Every structure is written in C-alpha cells, then in structure tokens.
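Chain and residue survey
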Amino acid sequence: MMITIEMLNEIKKKTLKTMTLRLEKKNNGISSINKENVSDKKHVLICGGPGCHSSGADELKKRFEQKIDKEELTDVNVSIAGCFGLCESGPNIEIYPGGTFYSQVKIDDVDEIVEKHLCRDEVVERLLNEGAIKEENIKPVFEVDFYKKQEKIALRNCGIIDYNSIDEYIALDGYQALAKALTEMTQEEVIDIMKKSNLRGRGGAGFPTGRKWETAFKYEADKKYVICNADEGDPGAFMDRSILEGDPHSVLEAMAICGYAIGSDQGYIYVRAEYPVAVQRLKTAIKKAKEKGLLGENIFGTEFNFNIEIRLGAGAFVCGEGTALMESIEGKRGMPRPKINRTAHKGLWGKPTIINNVETLANVPPIITKGAKWLKSIGTEDSPGTKVFALGGKIKNTGLVEVPMGTTLREIIFDIGGGIPNGKKFKAVQTGGPSGGCIPEEFLDTPVDFASLGKIGSIMGSGGMIVLDDTDCMVDIARFFLDFTVDESCGKCVPCREGTKRMLEILERITKGKGTPEDLDRLESLSEAITDSSLCGLGQTASNPVKSTMKYFRHEYEAHVKEIRCPAGSCQELLQFFITDKCVGCTKCANNCPASCISGNLKERHVIDTEQCIKCGTCMEVCPVGAVIKK
Amino acid sequence: MAEITINAKKYQVNSGITILEACNRLGISIPTLCHDDRLEPYAACRLCVVEVKGKKNLQTSCSTKIRDGMVVETHNKRVINARKEVLDLLFSNHPEDCLTCEKAGGCKLQDYCYEYGVEEGTYVGEKKDYHIDDSNPFYTYDPNKCILCGKCVRVCDELQCTNAIGLGNRGFDSKVVTPFDLGLATSNCVSCGNCVAVCPVGALTPKKKEKYRTWEIRKVKTTCSYCGVGCQIELLVKGDKVVGVEPARGTPNDGLLCVKGRFGYSFINHSDRLKAPLIKRNGEFEEATWEEAYDLIIDKISEIKEEYGSESFAGLTSARCTNEENYLFQKMFRALIGTNNVDHCARL
Ligand SMILES: Cc1cc2nc3c(=O)[nH]c(=O)nc-3n(C[C@H](O)[C@H](O)[C@H](O)COP(=O)(O)O)c2cc1C
Ligand code: SF4
Ligand code: SF4
C-alpha cells in the first residue's frame, strides 16, 4: 500500500478524537485540542512498562473491562500504555479527565475504583499515589513532584499511547517527520538539521549524531546500513527497553529518516533476546508500518525504500559495543574489532554503517519537525536536549526520569527521586553503570551533562543512576561493578581479560580483610594500565568505579587494609557481632544461632564466641531488645 | 608519502601503512604476540602499543595507520610500563615451567619478559587449570600455556580455511576450543600444523620423536619433496639428524604447509629407507653405484626396445617429483623411447 501525507493527516485527525483526554498529561493539564473534537468518554490508562507489566497490567486491564461491562458503563475506555516512569509504586493507573494517579493497584481494587471513581466520580483516596496528595489536596499526575521537573522528548509518547496502535502514534505527529524529510528535504538538509541540533549519542559516548550521519553520507558505496543499538547491557538501565516497548514506532521512523539521510535502504535492530516483550512489540510495529507503506518500497510515493529487520543478541554486555555488535550480526563471536576503520566507512559487512542508540533515535523525529533551534533551547550548550535516567538503589522513587540536560544531580535525586528512604544519609551516586564512577555529596550540585560528569571522574553512560547511602561500603560497590565487568569481558585483549580479574581479586581480598596497603598502590597502577591499553570501551572504562571510589573515598579503602575495618559496616567478614549489656537473657539468640556459638544462662547476659561466629546476623534479627550490635 | 616523527626523529614513509609496518621497515623493534602480516589486524595482545600525540589512550601500532605529521613514541616510560603490565599479567596466568618447556628459547613470551625485565608474574590468584589435549597424533595442545593471541584460530580460519578451532567461553575463561570443546581428535582438524607454526608460546607444540632445544638445531632451507607445489621448508637439524620441519615464508607457501610436509619427515631417518640403488644379483638385491644402475637401465631399455618395439613401454611418474623432473621423464619416453605411453599418478 502506498501512503500519502493526506492519508496520514486523516488518520491523525480521526484518532486524536479518541485520545484527547489523555493529552492533558502530555500538555501538563492544558488540553490544546479544540474542545469540539473531544470525546467525552472517560479513560483508564494502565501502565504497561517493564515493572507494571510483570506485576499484572494485562490482568488489571481485563478486570477493568469486565467490571465496566458489568456496570454497563458505555462512556469509559481502557488502554495500556508504555512506562509511566514511577516504577517504585506500580502497578500504576491514571484516570482521565483529571489525571487521577492511583498506585499499587491490585486486581481486587479494580471493582472499588470502577464503582466509586467511574460510576460516581468519587476519588478512591486510599489508592492515590503518595505524591498525589498534598495537604489534603488531590493533585493530578502531572503535578506530582516526580513528574514536575521532567521534560519528555525521548519518552514523549511513553505512557500515553497504546504501543500496539500505529494510529495513536500517528495521531501524536508520528511519521510526520519522515514525511517531511522525504518530501520536502534533501539528504543534506536532514543532516544539516541534525548537525545544528548537536544531538549527542545517548548510548554512552555522546558522539554528535549529525556528524556521524554526514560521514556515512559522504562515503560512496553500493550498500549502506542503519543499525539501532538496542542491546542495553548496562545493569539497571531500562530506558531503551521502555522506549521500544512503549513507543516502538518512534525508533522505526527515526531509522528510516537516518536511512534517507545517508542513503541506506536496510536497517537492523539489534535487541537482546532477554527483551521478549520489546521484540514482540517491535515485530508488531514493523508489520503495521509495512502494511501502511511507512516502511518498504517507495515510501510516500518517493524513490526511497527502507526495510527493517530484527537481530537478537544473546545478552552479552560487550555486544553493545558497536564493532562487537556488527560482528555478532555477521554471525561471528561478539568481540570488538580493532579500530582501524571507521564504522561510518567500513562497518557491517564492510559497508558504511550508522549505529545509533534507541534513545538517540527516539529524539530524531521531533528534531526534524520542530527544528534544531527547538532542541537547542532545551538542555545545555554542550549537551542539548534531555536525558533519560534510570534511578535506582537507595532512593524513594525508583524509576525512569527524563530531564533537561544540565539539571543538577541534587534535583534529580532529591526533588524528583524523593531522596533517600528510611532516614538514611546520602553518600554517593553512581552514574554510567559499570563504566561510570561514584560521585560524592560535594558534587551534588553538578549539572548533569556529558562534559561535567566527565570532569568529576564519572560518565553519563547510558543513564544508569544508582544512589548509595551511608550503609554502602564503597570498596564493596567497586567490587560489585568489577564483578560484572569481569563476567562480561569478551576476553580478547590482555589488559581487560587478565587485568580486571586481578583487580577484582584484590578488591575481594580487601573486602574480606585480607588486603594490604600495597594492594592500594597496585590497584592504582593496574587501573591506569587497563584504561590506557585496553581495546574497547569496556576495558577502557572498567576501572572507573575503582578509580572514582579511591579518589573520593580513599579513607574507606585505608580503613579496610590498615585497620581491617569496614566503616560502613557492610563487609560481613570484617564485622564482629557483639552482645551489649542491654541483653535480658531471653536465650532467643542462642536458640537460633545456626553455629551454636552463643552461650549464656537464662536471664543472664549472653556472649558470642567470635571465633565460631559465621556472621549470619540471625542473633541481631531475633533479639527482642536490640542488644546485639555489629562493629 | 607521509612525514612522521618517531622517537623525536623525522621519517618519510608510505602513507596507508600501519605504525608497526613503518617501524619494521625503519628497524625500530616493537613487540607483538598476536600480529601476523598475513592475517587481518587483531589488536588483542596490546604489546605493540605506542603513544600517539593527541590521543588520550595508547594506540596499538598494528592497527593504527600512519597519518602525515603524526608524532609517535615507541619506547617511552608510559609505553614500557604498559607493556610490562601486559607481560606481568600474562605470566601471572602461565605455568612457570620454562625450564622444561619444549618452546624454551623459541617462546615470544619468554623473549619479551627477558627484554622488558619481567622476572615473574606478580599477581596471585586464579590460574588456568585445564587438561592437556593430546589426542592429535602430530601435535599437543596445552591450554594452560595459551596466551589467547588468537593466531591459531585465525590461521585456521583465514588462511587454512578449515575452521577446526575457535574461541570458547568469555573473559578470563576464554579458551581455544574445538566444537563443544570435545578435543582435537573429534574435530575436522586436518593436522596441517599451521596453528602450531604460529603459536608464539608453548601451547601448541609438535610431538617430537627426538628431544632437542631450539639452540641446538640448525635450520636448513629446502623444497618439500612431497608434491610439485614446491613449498619451502626449513629442516631442523640436530647434529646430522633431521628432527623437525618448519614452514618457510615466501613463495609459494608463505609459511603454510600440509600435514605431509609438516610432520612426514621421519622417513628420512627410517631404517627401511633406500639410500643407494639396488641391483638384483643371483636372486638377491645388492647395493650398487648410480653409474652401475644407469648402465643397467640403458642396457635393459635398449634390449627391450630392439626386441619388442617402443610401444611395449609404459611410464608412470610421481606427484612427488618436481615439474622439471616430470618434464624430463615424459621427454625421455617420447623422444628417446618413442612412445606416448606416459602418465602421472596425480591424474589417477
Ligand atoms: C562495552 C560497551 C557496551 C555498550 N553497550 C551499549 C548499549 O547497550 N547500547 C548502546 O546504545 N550503546 C552501547 N555502547 C555504545 C556503542 O558502542 C555506541 O557508541 C553507541 O551505540 C552509538 O550510538 P549513539 O551515538 O546513538 O550513542 C556500548 C559501548 C561499550 C564500549
Ligand atoms: S577491552 Fe575487554 S571487552 Fe573490550 S576487547 Fe578487550 S577483552 Fe574484550
Ligand atoms: S594456542 Fe597459541 S596460537 Fe593459539 S591462541 Fe593460544 S597462544 Fe595463540
């Protein structure tokens, strides 16, 4: 089928009517759509993001539909959308008009919501999201603190549209950018907008996308390729997954635009097989785009052809590295190539290739429709636009947030993330996953962009952000990340294969109280050597967690090796359990100790034989008066 | 041409070549364990790193092309430290049995450790502990000595095109394996030994009939006599005995061989081997001189030709002869004996 711009606009007009209410969310409460077009149906929007999906979003939807049927309500629509971002409180649902935000909704809550909210317009207060009530006032979702400072470009459609509906994507300006590029712009003009916008790669390295496209465009070849890097191997990061699952067409459209710009007719999406939901939704999206003529031959009646195929990765972190990824697509072992050729010149099967990250691509369509200036008006000079972060660790609002570049760490962690739970104290934030570094409190006011994070020894990376509190041992954190790197090293080059393993062994010794002061010097020199001489980014950045923790928390390392003490009280083997004089002699600890190393008579203070103690912490848990401490 | 500065000296070199190639041509020695100019650049051992002005990290000279105006340091402190670290890491995960290792004297790891003053592997921790694969009749594979340079795998893939071996597992556990790590005997290895020839360490070693040390042998270059290709080989000679064969570089075989040329040399010292012509006298074979033998052949041929004619002859020559020898043989049959009844075993 061949699609025209008129047909596209027709679909848009028709579909928008059914979606108007939800657009309140997109426009922060202001419905920009002509009221005449508004359908007056109520809308129940269920989060189908990774977290909510696994805690039963589909069942929730079914239950809502059944109950709505039973109540014979004819003016209510129910749909599932992509990730809302606030995964911590899922399953989340929103009800429009109004944007009432319910959290931790269980299947048994559905009847009550339908009976009260949908039938009688009564808010079910007990299910409201914690952030949606302030001083007894009920706030709509877009005024909840978590969302207020966010600005959504890459996630613009996530949480609003039905991911399986190409029409809903089109309704929110989907495929307009492709239409504009193909029918109104030359290849050079597309590249020019991308260059002027200074959109930088969101996959980690921050390379300017426009410049990359230009290099591939200028290199003549009989075949060129566009690859979407959806390998997302960073532990804890799930923004790419959320985009693929919640708004797959934005990636397809961007790939086609890139294909047009560089002169390619074939795209590949390299996605990890552990993302079966994303794969399924991508497959559906590709099929629907093809049916509509938005992929395939002569798109919008032009000479331009573009097809997209999916390639599954087996879940190796290193396969996210561009050259290893291409090896993997070519059917070889996923190991990085020597950097003798540029990918934009000789990439996949030796042909000019563009590899872009999912989030980078999701930014492309709005840049084409709104222009370079628009993107540059958001974020910083160095890093225009927004960045999505996956907030995790010791933070109240675990989830996905998209903020303008230049937002400070403090704003992200405290204003949006809600700060540290359980009355604990902030200690550090780890950004950039296993390739990144730990940033201490003194840098909390650092604006987040590519350059600033680099300056303080960390990286933007793919946007992982793990918050640590004062019970986290920094040596152990470094060990944790290195453990991941050692597992994921491909084994090709010596410094990474052998060096990271030795570094891990040293850290393991330190956390077990077997380290020496010389080990610290060793760690430093080894870190340098691995960074300086590894083949790919994995090895080159593998030492960052160690380097940054040694820089900012050297005293913790020293306490481990000199005093055999873990200041955070986290390294089990360095701790001793001890019973204070608070003990009432109830015998509970002695009865529960699996090593039978607690002695004492009834109603007398008990004693732990520290030689025998296996440091399991059972005594501490069972003591009714808190007499057991670790020190 | 491009002008580059290496170690503060300016040189004119061809553009398009790598730093390593340039240094080789200029006589600047750069260590490498994984490079082979017949194979695609691999850049895995990281021993050939050099400092290139303007680059944040060290660059591998095997995979960095010369650019005009490039400034390179090949032996400054930073570079040497990185190389030492690589050697230290490799040796820390390597058996310390150089005294008895077959490769001693010919081992690149040993040579470079000596050159860079790496006396021991200073990292303590896990070490490889694999079974030795003894299942191939011609060579032994000891994974514990393997430094994972990947040369064997790449030779087998890129040059030999047999693809009998590959890399298995990941990271620290990486290992050169046959499919499913079932051992060489089960694989489609053709025993050409080309992997053995490129292994820089003692991981792949020929099974020897005779003990020898690399410094005890002389190398004698000759042409392999198994077929007419004319592969160049080096006989390893200890005293006056051939104790092994290695492929020589250059045309036509450029460092490759087949199983026969590589491992089929023991006939040289075999007791059954004929070293002089034999003539049957009174029902018994007796050693004779070549003159006697030639005279006898001439007599017999003349006799038969006279009595039964040229067409009573047939000649069959061997693929083990050279082209020139085969040419002479057919010439003898056609011009001298006068028959076209002449053929060659390779046609059968
Ligand atoms: C070890 C390693 C893993 C990587 N993993 C990913 C990944 O999962 N997703 C991704 O988009 N980029 C990843 N990258 C970055 C890619 O190499 C590449 O820079 C990126 O995909 C380019 O796209 P961009 O310019 O749009 O960011 C990884 C890099 C390294 C060194
Ligand atoms: S740095 Fe690590 S992951 Fe990258 S090529 Fe070397 S061994 Fe493989
Ligand atoms: S067996 Fe030898 S050639 Fe093969 S990878 Fe190991 S060290 Fe290199």
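Residues numbered from 1 in each chain as written. Chains lettered and ligands numbered in written order. Predicted model: local features only at pLDDT ≥ 70, side-chain atom pairs only at ≥ 80, totals over all residues. Heavy atoms only, no water.

Quick word on the sheet that holds strand 7 (residues 225-230) of chain A
Residues and elements named next belong to chain A. The strand order across the open sheet formed by four strands is 9-8-7-10, and the pairing between neighbours is parallel. At either margin of the open sheet sits one strand with a lone partner, and together these are strand 9 (307-313) and strand 10 (353-357). Along the sheet, successive strands turn relative to each other by an average axial angle of 20°, direction set aside. As paired strands, strand 8 (residues 266-272) and strand 9 are joined by seven bridges and run parallel to one another. Within strand 9, the position partnered with Val-271 by the bridge is Leu-312. The strands that helix 12 (residues 248-262) touches are strand 7, strand 8, strand 9 and strand 10; relative to strand 7, the one it contacts most, it runs at about 150°. (Pairing = 2+ DSSP bridges. Helix = DSSP H or I, 4+ residues; strand = E, 2+ residues; numbered from the N terminus. Axes fitted to C-alpha atoms, helices over the stretch in contact; angles between N-to-C directions. Contact = heavy atoms within 4.5 Å.)

Things to note about the pairing of strand 1 (residues 42-47) of chain A
All names here are of chain A. By the criterion of burial, strand 1 is predominantly enclosed, with six of the six residues buried. In this structure, strand 1 lies alongside strand 2 (residues 76-81), joined through six bridges in parallel fashion. In the sheet register, Val-44 faces strand 2, and the bridge partner there is Val-78. (Buried < 20%, exposed > 50% of the residue type's maximum accessible area, 1.4 Å probe, protein only.)

Considerations on the packing of aromatic side chains
For the coordinates displayed, the defined rule picks out 16 aromatic pairs over all chains. Ring centres of Tyr-226 of chain B and Phe-267 of chain B lie 6.1 Å apart, and the angle between their planes is 80°; on these two criteria the pair is classed as edge-to-face. With Tyr-226 of chain B in the loop between strand 10 (218-223) and strand 11 (232-238) and Phe-267 of chain B in the loop between helix 6 (259-263) and strand 13 (278-281), this pair connects stretches of sequence that are 41 residues apart. For Tyr-226 of chain B, a relative accessible area of 18% gives the class buried. Three or more aromatic residues link up through ring pairs in this structure, and these residues are Phe-101, Phe-146 and Tyr-147 of chain A. Of note, Arg-281 of chain A hangs over the ring of Tyr-163 of chain A, and the distance from its end group to the ring centre comes to 3.5 Å. Here the guanidinium or amino end of Lys-492 of chain A rests over the ring plane of Tyr-42 of chain B, the centre of that ring lying 4.2 Å away. (Phe/Tyr/Trp six-rings, centres within 6.5 Å; stacked < 30°, edge-to-face > 60°. Lys NZ or Arg CZ within 6 Å of the ring centre and 35° of its normal.)

A few points about the interface of chain A and chain B
Contact residues are listed per partner, giving 33 residues for chain A and 37 residues for chain B. Approximately 2900 Å² of surface area, both sides summed, lies buried where chain A meets chain B, with 53% of it carried by carbon and sulfur atoms. By the criterion of area lost to chain B, the three top residues of chain A are Arg-497, Arg-502 and Asp-532 of chain A, representing 22% of everything that side buries. Along the contact surface separating chain A from chain B lie four salt bridges. Among the ionic pairs, Asp-88 of chain B bridges to Arg-522 of chain A, the shortest N-O distance being 3.3 Å. Inspection of the chain A/chain B interface yields 20 residue pairs in polar contact (both at pLDDT 80 or more). The set of elements that each furnish at least two residues to the side of chain A that touches chain B consists of helix 19 (474-488), helix 20 (494-511) and helix 21 (517-533) of chain A. Of the residues contributing to the side of chain A that touches chain B, the split by class is 11 nonpolar, nine polar and 13 charged. (Buried area = accessible area lost by both parts, 1.4 Å probe. Salt bridge = Lys/Arg side-chain N within 4 Å of Asp/Glu carboxyl O. Polar contact = N/O pair within 3.5 Å; in protein donor to acceptor, adjacent residues only side chain to side chain. Nonpolar A, V, L, I, M, F, W, Y, C, P; charged D, E, K, R; others polar.)

Everything listed here is a matter of geometry and, on its own, says nothing about what the molecule does.
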